[in-house]
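Here's the letter readout for the chains.
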Amino acid sequence: MAVRELLKNKALNGWALFFLISVPISLATIIEMAQVGLATPQDVSHMIGYSVRFAVPIIFLVVGISALQRLFPGPIPSWLLRNRKYIGLSFAIAMAWQGAFIFLMSNFNREYYFDEIFYLRDELEGSTGYIFLTAMVLTSFQFGRKWLRPRQWNVLHKTALYFLWAYPFSVYWWALSYYPNPQPIDHVFYWFGFTAFALRIAAWGMRRAEAGSAPINFKIGGGAIIAIGLLASATGRDWQAATTAFLATPAWSANMELWLPYWPLEPFLSLLMIGFGTLVMTHTGSHAPDVVEQGAT
Ligand code: HEM
């Protein structure tokens with residue numbers, strides 16, 4: 001009872017919660033900026049990484065909230081769901097800081113930016129991310145939302161949420177599966193991002209299973225596919241090189257790898273497998289609302 005009452009407190013809800021999250025993020029960023037300075041492109045690059053690390057856990061949390069409420073209903077998941085807009089807007093504040101440092105880097109450290117940072121595919125991924133983020137923020141308020149029908153709003157916010165989850169999730173998957181010396185934070189953020197989306201798949205599977213029980217062979221087959229997906233989620237470094245070489249063999253695929261965000265999807269293969277295993281495991285032949293069709297984002 002005490003937790004439920006506490007979480008109803010005005011100071012922990014709505015705009016008060018937004019400021020409770022955004023003000024410390026902004027203060028920590030300003031203090032770090034004051035200590036490190038912005039004199040060199042390396043300092044600015046540090047501030048890009050420093051500021052976005054506040055955004056990452058927030059977007060991962062937002063991705064998992066609705067599934068948390070479905071799988072583990074209780075005062076904390078319902079408080080998170082009730083305040084998802086304000087938690088999401090504090091993500092935008094942390095991303096605005098990264099955006100400000102990116103602006104400083106690309107406008108006042110152009111040589112370093114084009115020599116060390118600019119890579120077309122990353123630029124397209126990053127810019128698309130900021131376009132989606134801007135659209136999400138504007139349509140989180142009535143003046144922006146009134147331009148969209150409810151279904152359009154749902155599709156925009158779900159697509160944007162998935163895209164903005166995919167960027168940091170893929171950054172940390174590559175840190176663990178390709179780059180040398182992954183840091184402990186890379187492991188924490190990778191598994192946080194993985195768990196957030198795996199919870200969505202589990203909630204979707206639970207909803208499908210409510211429509212009826214699948215035949216045992218589908219359950220066993222689906223379970224086996226999920227097990228392979230889970231194994232793949234922890235062994236990226238063992239299969240990345242061969243998988244990328246295989247998936248990028250056709251010329252059209254190698255070409256797409258140069259510009260299409262996240263192609264050929266290596267970071268997401270384990271979750272795609274877990275999703276497909278869940279589909280098989282809950283296959284009853286009767287139609288159940290799919291992840292995309294369900295109203296809640
Ligand atoms: C055009 C847009 C973007 C540019 C130019 C950009 C640039 C950069 C740069 C230069 C770094 C390395 C900073 C360092 O030295 O550590 C970085 C790191 C990162 N960026 Fe961005 N970024 C962009 C958009 C985004 C978006 C949309 C996201 C999504 C949430 C994002 C998430 C990250 C993450 C997770 C890291 C790794 C931070 C860490 O080291 O843990 N970026 N970005």
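Structural data are supplied above this passage.
(A) Spatial organisation of the side chain of serine 253. Summarising the element assignment, serine 253 is placed in helix α13 (residues 251–256). What makes serine 253 buried here is its relative accessible area of 0%. Among all residues touching serine 253, those that are not within four sequence positions of it are Leu247, Ala248 and Trp263.

(B) The arrangement of the layout of surface pockets in detail. In this structure, the largest pocket spans a volume of roughly 1,700 Å³. Lining the largest pocket we find 49 residues, and of these Gln98, Asp122, Glu125, Tyr167 and Val171 sit closest to its centre. Along the lines of polarity and charge, the residues of the lining of the largest pocket split into 29 nonpolar, eleven polar and nine charged. Lining the second largest pocket are 20 residues, and of these Tyr162, Trp165, Phe197, Phe268 and Leu272 lie nearest its centre. Sorting the residues of the lining of the second largest pocket by element identifies α9 (150–177), α10 (184–209) and α14 (269–281) as the ones contributing at least two each.

(C) Spotlight on the site of the ligand. Of all residues adjacent to the ligand, which total 20 residues, the nearest are Ser45, Arg53, Gln98, Tyr167 and Tyr172. Glutamine 98 places a side-chain nitrogen or oxygen 3.0 Å from a nitrogen atom of the ligand. At 2.6 Å from an oxygen atom of the ligand is found a side-chain nitrogen or oxygen belonging to tyrosine 172. One can see that the ligand is located within the largest pocket. With six residues, helix α3 (residues 41–71) is the largest single contributor of residues to the shell around the ligand. In the shell around the ligand, the residues fall into twelve nonpolar, six polar and two charged.

Parameters at a glance
- Residues numbered from 1 in each chain as written.
- Predicted model: local features only at pLDDT ≥ 70, side-chain atom pairs only at ≥ 80, totals over all residues.
- Heavy atoms only, no water.
- Helix = DSSP H or I, 4+ residues; strand = E, 2+ residues; numbered from the N terminus.
- Buried < 20%, exposed > 50% of the residue type's maximum accessible area, 1.4 Å probe, protein only.
- Contact = heavy atoms within 4.5 Å.
- 1 Å grid on protein atoms, 1.4 Å probe; cavity = no way out; pocket = protein on both sides within 12 Å on 5 of 7 lines; lining within 4 Å.
- Points joined across faces, edges and corners; volume = space filled by probe spheres on them.
- Nonpolar A, V, L, I, M, F, W, Y, C, P; charged D, E, K, R; others polar.
- Near = heavy atom within 4 Å.
- Polar contact = N/O pair within 3.5 Å; in protein donor to acceptor, adjacent residues only side chain to side chain.
- Sits in = over half its atoms within 2 Å of the grid points.

Function cannot be read off these values alone, since they describe shape.
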